[in-house]
Amino acid sequence: MQYRQHKSLEVSEIGVGCYALSGAYGSVNIDHFESMVRHAHEIGINFFDTAEGYGDAERILGRVVKPFREEILIATKVGIRQGTKPNLSKNYIYEACIRSLRQLDTDYIDLYQVHFDDPQTPVSETLEALDSLVSEGKIHAYGVGHLPIERVKEYCELGSPFSILMELSAVSRKSREELLPFCKIHDVAGIGFSATGRGILTGKYGRDTKFESDDIRNLDPLFQHARFESALHIRDQFAILAKDYGVTPVQMAIAWVLTQPNIVCALTGSSKIVHLEENAGASGLTIKRQDLEMLEGFFAKEDTLLAEKNLQVIHSILTTPLSSNPIRVFNDLIYVLETGMDMNLLSEESMHSVFTDLWSLRKKLDESCLSKLANIQERVKYLFQ
Ligand SMILES: NC(=O)c1ccc[n+]([C@@H]2O[C@H](COP(=O)([O-])OP(=O)(O)OC[C@H]3O[C@@H](n4cnc5c(N)ncnc54)[C@H](OP(=O)(O)O)[C@@H]3O)[C@@H](O)[C@H]2O)c1
């Protein structure tokens with residue numbers, strides 16, 4: 001395993017994430033997960049990421065790493081728990097930190113990351129809370145996560161975050177334009193998550209893959225319509241390149257994440273030793289300059305094609321009579337909104353209320369929702385006019 005130094009921390013190139021313990025990717029065998037974490041430590045991985053919002057993940061991680069706590073870095077996140085609204089107030093952060101320390105069974109958190117935005121709390125208040133936790137030694141550094149760009153900018157300008165956490169993989173490259181520049185300007189480490197593209201880049205998922213019913217990939221736009229087809233093309237391209245290097249496609253794809261400027265760690269979320277070992281094999285792999293250039297050309301063509309196809313998909317979803325399957329309708333509307341935002345056809349502000357109303361239907365998607373979904377479809381159409 002190779003390491004990257006940023007400020008006072010030396011971080012392994014491959015990090016282990018605990019998101020799976022929230023159930024996001026279906027059921028997890030906890031014994032296998034714990035063995036995977038122990039094995040990660042044995043092969044030199046020192047960066048472990050979790051969150052107060054990942055169900056029981058902090059407690060499980062804290063218990064497993066207890067025997068080697070001093071040899072690793074624990075990154076956790078604050079601001080949202082399952083079923084609650086984001087809260088970044090001073091009091092909340094303080095209480096949440098004490099709770100996380102207890103759950104993790106540790107005296108300090110190496111990296112405490114702001115998880116989601118709380119528009120009600122000024123950034124200065126959150127920074128004050130984080131700074132006092134640093135001076136008390138409860139946390140060693142803080143970072144920012146899933147926040148609107150302007151908020152990330154504010155944190156970088158008013159505070160001294162160690163890191164920005166961003167989704168970054170060969171199938172999700174937007175952070176390169178939006179967030180990596182902040183890392184450079186403000187000397188902040190980039191931590192790329194979902195480096196395997198939530199598994200797509202492993203080559204182990206295809207058009208026929210059936211996820212468990214509560215797996216978020218059932219509604220993740222990356223796994224639907226034109227975006228999924230494009231992700232499969234990208235996966236195939238990495239598979240071709242991987243043959244030349246004698247590695248697996250996902251190792252090639254993770255190594256690509258590590259070539260991005262200011263990235264110190266590629267976070268992957270395997271729950272099994274065999275997958276972890278494969279991912280860890282990406283550390284230290286150097287991609288030749290001509291191959292990186294070839295990939296940039298490939299991405300540019302793929303993006304143009306995807307944009308054209310996405311316009312057709314959005315048009316078709318918004319003009320075809322609604323399906324009688326509420327889950328299908330829900331997933332399609334999520335696709336339209338997220339893709340519209342990705343393509344800068346919609347702003348986050350303009351779609352906020354319709355997205356919130358749509359999302360609130362998620363837990364009870366049965367036939368009684370169809371009229372509400374029809375109404376939301378009309379509102380979405382209006383947004384695109
Ligand atoms: N996803 C998010 O929205 C998010 C947001 C903020 C932070 N993070 C942090 O970043 C971490 C990494 O993100 P992620 O969990 O989305 O990572 P990921 O590795 O891109 O996706 C995890 C999924 O990919 C599969 N996978 C990974 N490596 C594999 C391999 N070599 N072969 C076959 N399948 C493989 C895993 O399956 P198995 O379980 O079968 O191994 C799991 O279903 C998270 O755990 C979390 O700590 C994530």
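Residues numbered from 1 in each chain as written. Predicted model: local features only at pLDDT ≥ 70, side-chain atom pairs only at ≥ 80, totals over all residues. Heavy atoms only, no water.

Some words on the overall build of the chain
The condition that has to hold: For the purposes of this entry, the term helix denotes a DSSP run of H or I that reaches at least four residues, the term strand denotes a run of E that reaches at least two, and both are numbered from the N terminus. Values of the radius of gyration come from C-alpha atoms, whereas the globule rule sets the reference at 2.2 Å times the count of residues to the power 0.38. Contact between two residues is taken to exist if any of their heavy atoms lie within 4.5 Å; hydrogens are not considered. Under the convention used here, a 1.4 Å probe and the Shrake-Rupley method define accessible areas, while residue burial counts only the protein chains that appear. Charge counting follows a simple rule: Lys and Arg are positive, Asp and Glu are negative, and His as well as the terminal groups are ignored. Taken as the charge location is NZ of Lys, CZ of Arg, CG of Asp or CD of Glu.
Helix and strand content of the chain: 14 helices and ten strands. A compact globule built from 385 residues would reach a C-alpha radius of gyration of about 21 Å, and the chain, at 21 Å, matches this within 12%. Considering only C-alpha atoms, the chain reaches an extent of 60 × 55 × 40 Å along its principal axes. In the chain, the proportion of contacts linking residues at least 24 apart, taken out of those at least 6 apart, comes to 75%. Of the roughly 17,500 Å² of accessible surface on the chain, 51% is carried by carbon and sulfur atoms. The average position of the 40 basic charges and that of the 53 acidic charges among the side chains of the chain differ by 3 Å.

Brief notes about the nonpolar core
Condition: Joining through side-chain atoms within 4.5 Å is the link that ties buried Ala, Val, Leu, Ile, Met, Phe, Trp, Tyr and Cys residues into a set, and such a set is a nonpolar core. Exposure classes here rest on a 1.4 Å probe applied to the protein chains alone. A residue is buried below 20% of its type maximum, exposed above 50%, and partly exposed in between. Domain extents, as shown, originate in an automatic or database domain assignment.
In this structure, Tyr-112, Ile-164 and Phe-238 are the most contacted members of the largest nonpolar core, which totals 84 residues. Looking at this core, you find at least three residues from each of domain 1 (3–215 + 245–286) and domain 2 (292–384). Apart from residues no more than four positions distant in its own chain, Tyr-112 is found in contact with Thr-76, Val-78, Ile-93, Ala-96, Cys-97, Ser-100, Leu-130, Leu-133, Ile-139, Ala-141, Tyr-142 and Gly-143. Core analysis: the next-biggest nonpolar cluster, separate from the first, contains 25 residues, Leu-306, Ile-314, Phe-355 and Leu-361 among them.

A word on the site of the ligand
Let me state the cut-off plainly: Throughout this document, a residue counts as near a molecule or strand when at least one of its heavy atoms sits within 4 Å of that molecule or strand. N or O atoms within 3.5 Å of each other form a polar contact, as long as, within protein, one can give a hydrogen and the other can take it, and as long as residues adjacent in sequence are counted only when both atoms are side-chain atoms. Three classes are used, and their members are as follows: Ala, Val, Leu, Ile, Met, Phe, Trp, Tyr, Cys and Pro are nonpolar, Asp, Glu, Lys and Arg are charged, and the others, Gly among them, are polar.
Near the ligand there are 29 residues, and of these Tyr-25, Asp-49, Ser-194, Ser-271 and Lys-272 occur at the shortest range. Within the side chain of Glu-278, an N or O atom sits 3.0 Å from a nitrogen atom of the ligand. When the free accessible area of the ligand is taken as 860 Å², the share hidden by the protein chains comes to 95%. Broken down by secondary-structure element, the contributors of at least two residues to the shell around the ligand are strand 10 (263–268) and helix 10 (273–280). With three residues, helix 10 is the largest single contributor of residues to the shell around the ligand. Counted by class, the shell around the ligand contains nine nonpolar, 13 polar and seven charged residues.

Concerning the sheet that holds strand 3 (residues 14–17)
Quick note on the threshold: Only strands joined by at least two bridges in the DSSP assignment are considered to pair. Lines fitted to C-alpha atoms define the axes, with helix axes restricted to the stretch in contact, and inter-axis angles between N-to-C directions lie between 0 and 180 degrees.
The strand order around the closed barrel built from eight strands is 3-4-5-6-7-8-9-10, with neighbouring strands paired in parallel fashion. The average undirected angle you get between the axes of adjacent strands in this sheet is 25 degrees. By the bridge criterion, three bridges tie strand 9 (residues 189–193) to strand 10 in an arrangement that is parallel. Pairing of Gly-190 across the sheet is with Ile-263, part of strand 10.

What about the domain arrangement of the chain?
Test applied: Throughout, the accessible surface (probe 1.4 Å) given up by two parts as they are put together, summed over both, is called the buried area. One side-chain nitrogen of Lys or Arg within 4 Å of one carboxyl oxygen of Asp or Glu is enough to make a salt bridge.
Looking at the assigned domains, one finds that the chain contains domain 1 (3–215 + 245–286) and domain 2 (292–384). Put simply, the middle of domain 1 and the middle of domain 2, counted by C-alpha atoms, are 27 Å apart. Across the contact, seven residues belong to domain 1 and nine residues belong to domain 2. Summing both partners gives a buried area of about 600 Å² for domain 1 against domain 2, and 49% of it is carried by carbon and sulfur. By the criterion of area lost to domain 2, the three top residues of domain 1 are Arg-173, Lys-174 and Trp-256, representing 66% of everything that side buries. Our count for the domain 1 to domain 2 interface comes out at three salt bridges. Here Asp-342 makes a salt bridge to Lys-174, at a shortest N to O gap of 3.9 Å.

Remarks on the pairing of strand 10
Of all six residues in strand 10, six are buried, a share of seventy percent or more. Relative to strand 10, strand 3 runs parallel, the two sharing three bridges. Looking at strand 10, one finds that Ile-14 is bridged to Ala-266.

Quick look at the packing of aromatic side chains
The condition is simple: For Phe, Tyr and Trp, rings pair up if their centres lie within 6.5 Å, where Trp contributes its six-membered ring, and each pair is then called stacked (planes under 30 degrees apart), edge-to-face (over 60) or tilted (otherwise). The rule for a charge over a ring is simple: NZ of Lys or CZ of Arg within 6 Å of the ring centre, and within 35 degrees of the ring normal.
This model, assessed by the stated rule, comprises ten aromatic pairs. Here the aromatic cluster, defined as three or more aromatic residues joined through ring pairs, consists of Tyr-205, Phe-211, Phe-223 and Phe-228. Its end group placed over the ring of Phe-299, Arg-173 keeps NZ or CZ at 4.0 Å from the ring centre. A cation sits over an aromatic face here: Lys-288 above Tyr-245, 5.1 Å from the ring centre.

So, the packing of helix 8 (residues 225–245) against helix 12 (residues 326–342)
The following threshold applies: When an angle is under 35 degrees it counts as roughly parallel; over 145 it counts as roughly antiparallel; between 65 and 115 it counts as roughly perpendicular; any other value is oblique.
For the pair helix 8 and helix 12, the least separation of the axes is 9 Å and the interaxial angle reads 70 degrees. Compared by their axis directions, helix 8 and helix 12 come out roughly perpendicular. Where helix 8 approaches helix 12, its residues His-225, Ala-226 and Arg-227 are matched on the opposing element by Arg-328, Asp-332, Tyr-335, Thr-339 and Asp-342. The residue makeup of the contact of helix 8 with helix 12, split by class, is two nonpolar, two polar and four charged.

A closer look at the state of the cysteines
Should the sulfur atoms of two cysteines be covalently bonded, the bond is a disulfide. To keep it simple, the criterion reads: For the purposes of this analysis, a disulfide is any pair of cysteine sulfur atoms at a distance within 2.5 Å.
Per the stated rule, a full pass over the model turns up zero disulfides. Among the cysteines around Cys-156, which has no disulfide bond, Cys-183 carries the closest sulfur, lying 7.2 Å off.

Side note on the environment of Ala-57
Inspection of the secondary structure puts Ala-57 in helix 2 (residues 57–65). With sequence-adjacent residues up to four places away left out, Ala-57 is seen in contact with Cys-18, Leu-21 and Thr-50.

Describing helix 5 (residues 149–158)
The condition is simple: The arc in question is the one traced by the directions running from the helix axis out to the C-beta atoms.
Regarding helix 5, the residues found buried are Arg-151, Val-152, Tyr-155 and Cys-156. In a view along the axis of helix 5, the buried residues occupy a sector of 140 degrees, so they form one face of it. Away from its buried face by more than 90 degrees, helix 5 exposes Glu-150 and Leu-158. Looking at the packing, one finds that the buried side of helix 5 touches strand 6 (111–116), helix 4 (123–135), strand 7 (142–146), strand 8 (163–167) and helix 7 (180–186).

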